[in-house]
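# Reading the structure
Spelled out from the first residue to the last, the chains are:
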Amino acid sequence: MKIQLLKVTLAFCLFTTLFLFSACDRDTETFDGPSLVNRFGEFMLVEPLTVSRSTVDFDAGEEVSFGASFNKEVEWFVEIKGLESGAVKIVDGFSNELTDVNAVWEGGTTTLPFFNLERCAVELIIPTEDSLRFFDTVEVVGLKNYEGSLFTDFEQDLGSDLFFGNFEFEFTNRTGRRSDIPAGQGDFFYYFEGTDQNVPNFFVGLVDISAQVTGQTYIPLPSSDPEDVFFNAFLYTDGGPHGIAVIQFIFDSNDSGAFEDGTDQTFQLPGDFPLSGEGWNHISHPMSEVGITEEQLEKLVGLRILLISDMNSQPSPPLAVDYGIDFITFTQGGPLEL
Amino acid sequence: MVKKYLHLALLFALAFGLAGTGFAQVGLGSDKDKSESDKKVRFNGLGRTSIQQTNLDGPILDTLNGEVNQVTDGEFLLDVAINATPNDVTEVQGILRLRNELGGFFGAGQSIEVRELWARGIIADIVKYRVGDMDMVMSPYTLYMPIEEGVDNRAAIFQPQREIIDYEQFYTANNERRLQGAKLEMGLNFSKVLETADLTGFISRIRSTDFFTAPTRFVGGGSVSLISDRMRDSFGIKGNITLNTVHTWDDITVGQINSGIRNGVNTIAYDITVYENPNIQLSLNGETGFSNLNLIEDSVSVSEERGTFLTAGLSLKHKKHGFNVRAGYHDIGPDFFSVGAQTKRVDFNSNKTYFNRVGAQNARRTPGLFDITRDRALYSFQVSDRLMNYDPRLSNALPYGQATANRRGLQISADWVSKDEVLDLDVQAFLLSELRGQGTNELKDFQHIRANATVNFHKLTDWKNEYRLTLGSQFENTSRDGIEVELVDLSSSLIEVGLEAEVYPNLFLLAGGQFLSAAGNEYIPVVRTFNDVRDFENAYIVDETETLLGAGLKYNFKKNTYVTFQYQSYNYANALNGDSDYSLNQVFVLYSMNF
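Residues numbered from 1 in each chain as written. Chains lettered and ligands numbered in written order. Predicted model: local features only at pLDDT ≥ 70, side-chain atom pairs only at ≥ 80, totals over all residues.

## Overview of the overall build of chain B
For chain B, the helix and strand inventory stands at 6 helices and 26 strands. In terms of overall size, chain B behaves like a compact globule, its C-alpha atoms giving a radius of gyration of 25 Å where 595 residues would be expected to give roughly 25 Å. With respect to the principal axes defined by its C-alpha atoms, chain B has extents near 80 × 65 × 60 Å. Relative to all contacts within chain B whose residues are 6 or more apart in sequence, the contacts with residues 24 or more apart total 65%. (Helix = DSSP H or I, 4+ residues; strand = E, 2+ residues; numbered from the N terminus. Rg over C-alpha atoms; globule rule 2.2 N^0.38 Å. Contact = placed C-beta atoms within 7 Å.)

## Side note on the overall build of chain A
In terms of helices and strands, chain A carries 3 helices and 19 strands. The globule rule puts the C-alpha radius of gyration for 338 residues at 20 Å, and the 30 Å found for chain A is more than 25% above it. In terms of overall dimensions, chain A has C-alpha extents of about 115 × 45 × 45 Å along its principal axes. Burial status across chain A gives 33% buried among its 338 residues. (Buried ≥ 20, exposed ≤ 12 C-beta atoms within 10 Å, placed from the backbone.)

## Let's talk about the environment of Glu118(A)
All names here are of chain A. Its place among the elements puts Glu118 in the loop between strand 5 (104–105) and strand 6 (119–125). Spatially, the C-alpha atoms of Glu118 and Ser95 are 30 Å apart, while their sequence positions differ by 23 residues. Beyond its immediate chain neighbours, meaning those up to four positions away, Glu118 contacts Gly82, Leu83, Glu84, Ser85 and Val140.

## Re the domain arrangement of chain A
All names here are of chain A. Taken as a whole, chain A is organised into domain 1 (36–142) and domain 2 (149–332). The C-alpha centroid of domain 2 is placed 36 Å from the C-alpha centroid of domain 1. The partner domain 2 presents 8 residues to the 5 residues of domain 1 that form the contact. Taken together, the residues of the side of domain 1 that touches domain 2 break down into 3 nonpolar, 2 polar and no charged. (Domains from an automatic or database assignment. Nonpolar A, V, L, I, M, F, W, Y, C, P; charged D, E, K, R; others polar.)

## Observations regarding the nonpolar core
Looking at soluble globular proteins, one finds that nonpolar side chains tend to be buried together. The biggest cluster of nonpolar side chains holds 68 residues, and the ones touching the most others in it are Phe234(A), Leu235(A), Ala245(A), Leu300(A), Leu307(A), Tyr323(A) and Ile325(A). Each of two domains, domain 1 (36–142) and domain 2 (149–332) of chain A, supplies a minimum of three residues to this core. Filtering out sequence-adjacent residues up to four positions away, Leu307(A) remains in contact with Phe192(A), Gly194(A), Val204(A), Gly205(A), Gly243(A), Ala245(A), Val321(A) and Tyr323(A). Membership of the second largest hydrophobic core comes to 36 residues, among which are Leu143(B), Leu179(B), Ala341(B) and Phe446(B). (Core = buried A, V, L, I, M, F, W, Y, C linked by C-beta atoms within 7 Å.)

## A look at the pairing of strand 20 (residues 488–504) of chain B
All names here are of chain B. Looking at chain direction, strand 19 (residues 467–480) and strand 20 are connected through 14 bridges and run antiparallel. Along strand 20, the bridge assignment pairs Thr470 with Gly498. Where strand 20 lies against strand 21 (residues 507–522), 15 bridges are found, and the strand directions are antiparallel. Counted as the bridge partner of Ser492 is Ala518 from strand 21. (Pairing = 2+ DSSP bridges.)

## Focus: unusual backbone geometry
Cis geometry marks the peptide bond from Leu112(A) to Pro113(A), where omega comes out at 10°. Secondary-structure assignment places Pro113(A) in the loop between strand 5 and strand 6. Cis geometry marks the peptide bond from Ser316(A) to Pro317(A); its omega dihedral reads -5°. For Asp298(B), which is not glycine, the phi dihedral falls at a positive 50°. Along the chain, Asp298(B) turns up in the loop between strand 11 (280–297) and strand 12 (300–318). Asp298(B) gets classed as exposed once you count the C-beta atoms within 10 Å, which come to 8. At Glu421(B), a position not held by glycine, the phi torsion is positive, near 65°. Residue position: Glu421(B) is located in the loop between strand 16 (407–417) and strand 17 (423–433).

## Let's talk about the pairing of strand 21 of chain B
Residue and element names in this part refer to chain B. Linkage of strand 20 to strand 21, two consecutive antiparallel strands, is achieved through a turn of 2 residues, within which Asn506 is found at a positive phi near 75°. As paired strands, strand 21 and strand 24 (residues 540–558) are joined by 16 bridges and run antiparallel to one another. Paired with Leu507 across the strands is Tyr555, a residue of strand 24.

## Here we look at the confidence of the model for chain B
Per-residue pLDDT for chain B averages 88, and the proportion of residues at 70 or more is 91%. Here the complex is predicted with pTM 0.74, and the ipTM for its interfaces comes to 0.80. (pLDDT = per-residue confidence, 0-100.)

## Thoughts on the environment of Arg97(B)
Residue and element names in this part refer to chain B. Among the secondary structure elements, Arg97 is positioned in strand 3 (residues 90–101). Spatially, the C-alpha atom of Arg97 lies 5.2 Å from that of Glu113, the residues being 16 residues apart in sequence. Dropping the residues within four chain positions of it, Arg97 is found in contact with Leu77, Asp79, Ile112, Glu113 and Arg115.

Here you go:
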């Protein structure tokens, strides 16, 4: 009987040890599916909203982080709103805490315009908990430096570097540098307004901006590869449906170092820019889309910016059309990161 | 002799290499076959006629809009099996089905279809083969058709409907799966150490491709069973050891398909008698193994899961008193995945034949005891590629049978049949807990107890007529500790009572009932691909009772040929929402004939 029991034990050990080693691989530290607490648990605030600093100088490389913690993972938003510019930055996530890793503001914006030197309201929003909102403030004392080669931001008067082409006298006297509404960046932007009624031919007017505005003969670009260089600009529209913005890039065909209309070749994006939205919008396209070569890209002597009235859709008499433009830059490798 | 063994080994290796391995139940040479071996072509089959009228009633009915609450239907069905033995070692069979729905005339509701086709035979007096339709079973963790939920010891009153479901879905008493393909089997006899070795291999296609998203799916495998009574002489123990392997795989080379699965399960099952005398037999038995699940995209594995399981127990058999008891350890890993063993019979997503959607909101009615007892549309024999939905009221501890993953604990069972066969008792209990939490690190505990009893009163005396009482019960409890949102406490009980009285020779008075109650709360996982929990439905809170009662008569013309007339009444009550209460009443006549 003892021998039998010994054999039972041996057999049992044999069969179990064969597979117990693989059972050690089982992952039992985690659990299957989403957390029940996250899925069905009642939300509770563990630590309220905190802002890491009361003032921030983005120009000096500073950043602001936000803190808060909850008892469960939730979708959250931190909305930072410039109290003067109206700029908005959204930082969002899905977690049970806000830390200096997942809730950081480096001075950028989500909704144009850019922030100015101003006080900003900070609001923590948890969409699934409608009644829970937390507020704080932070003051911007230094603005973020954006990447890329700036062509112009209209903060200074362009003087003779800007040619005003009101050939058909259809621009209104409101056309020009303005600061009466928040600019896309800084204080000033360039505004076009007019009505195509004196010479009803779609064309309202234009401006030519010389590369001299940058202090160079040709527009300085971060790369000479058309696929690698991105044109960026902020366009302001007020919802009027009949305007079209046209932006042309002028190649110095005869190597004169200056724009000569009728001689130098122009390139423009197919489709142009319909102006049906409202507020500031960021446009960005690789220069390869305008059909320009690398050699031509290196000899851009200026930009031509036009206001067109879409007479096919205009009522009679035609309505005024308008738009604003600001912060024209060229970036490398992709669109300007706001 | 050596040469013969080599020859046999070569044959098996060829079969194994081509088709993997498997197990078979059928073959030439049965007594019936021999007695009719002089006939080249034989006809047999099944005929069935049923007519039933079903009424729906209760607060759930949308009476304002005149919702239909009565359905009368039925069918006339004839399955003709044509069996031929063109020679001594070959047999072929086809079953042709002629069916006409009640009220179907001039083509409407009529159908003629081929229900079954197969051929089988013996190669060189050594290897049995079968091609076409076949039934396969290996072990509860590899290839197996677990019994449906809601059944303990079904009363005879409900048995005719169960037989229809079993017949239509090819369910067998051996938990076999119906497949289409080919299998080979052979046996080797030994003079030393081993007594016999049974070798089986099979391959089957279980899904065809649509050339876009669903690849053709195959299942193949086999087993080697080493059986010996003489082992005892050599090693002091005797027993059976079976090696099983089953693989399910997709063919991703067809059409635009670029992804598919590989699911392999390999096990060792053993049943070793370690002590035996004329009265008592003590055995060590169980099965251990592992599974692999790979998701392949463009011939590269993008996801892999490996699962293991282990069951081991001791069985004690008292031969003299007909008493068996087993206690064992049960450990099925959380990532164990075996499509051939975990696919259930009841598909709770299927549309029901009767009153599938009811009420003003046209809401889908949850299948209840009434539907599970009689609605064959709920059942399937197809192999599912992910864990199917289940009803926690009926089975929450082991919804996918013994192969239910993520369970660890004890299994205890006992059965006893009295010498005079008056009393037949069996009880089974699982005391389990999860290995890995669902939605939390807290683990659920499960208690599952089933107990059945059959009392054959007629064997107490010299009564020629049969009088039988059947009792079945299942109790389950699921619980989980933790903070409020993690708490689980779900209890359910299912009780079955059946009475069978032969009031006149071959005329039986039948009565029976099923009673289900469930109360508590649980979280039901929503399973994504395979066995991955994607989410949980809203907290499952239940306080429901179901009652199914039936009474009727059954007259046996001869074995497997009978007519039965029954009335059944079903009530569903939801204590949390009385507006969803309803009842179903049904009268039906069924005539079934095997010939």
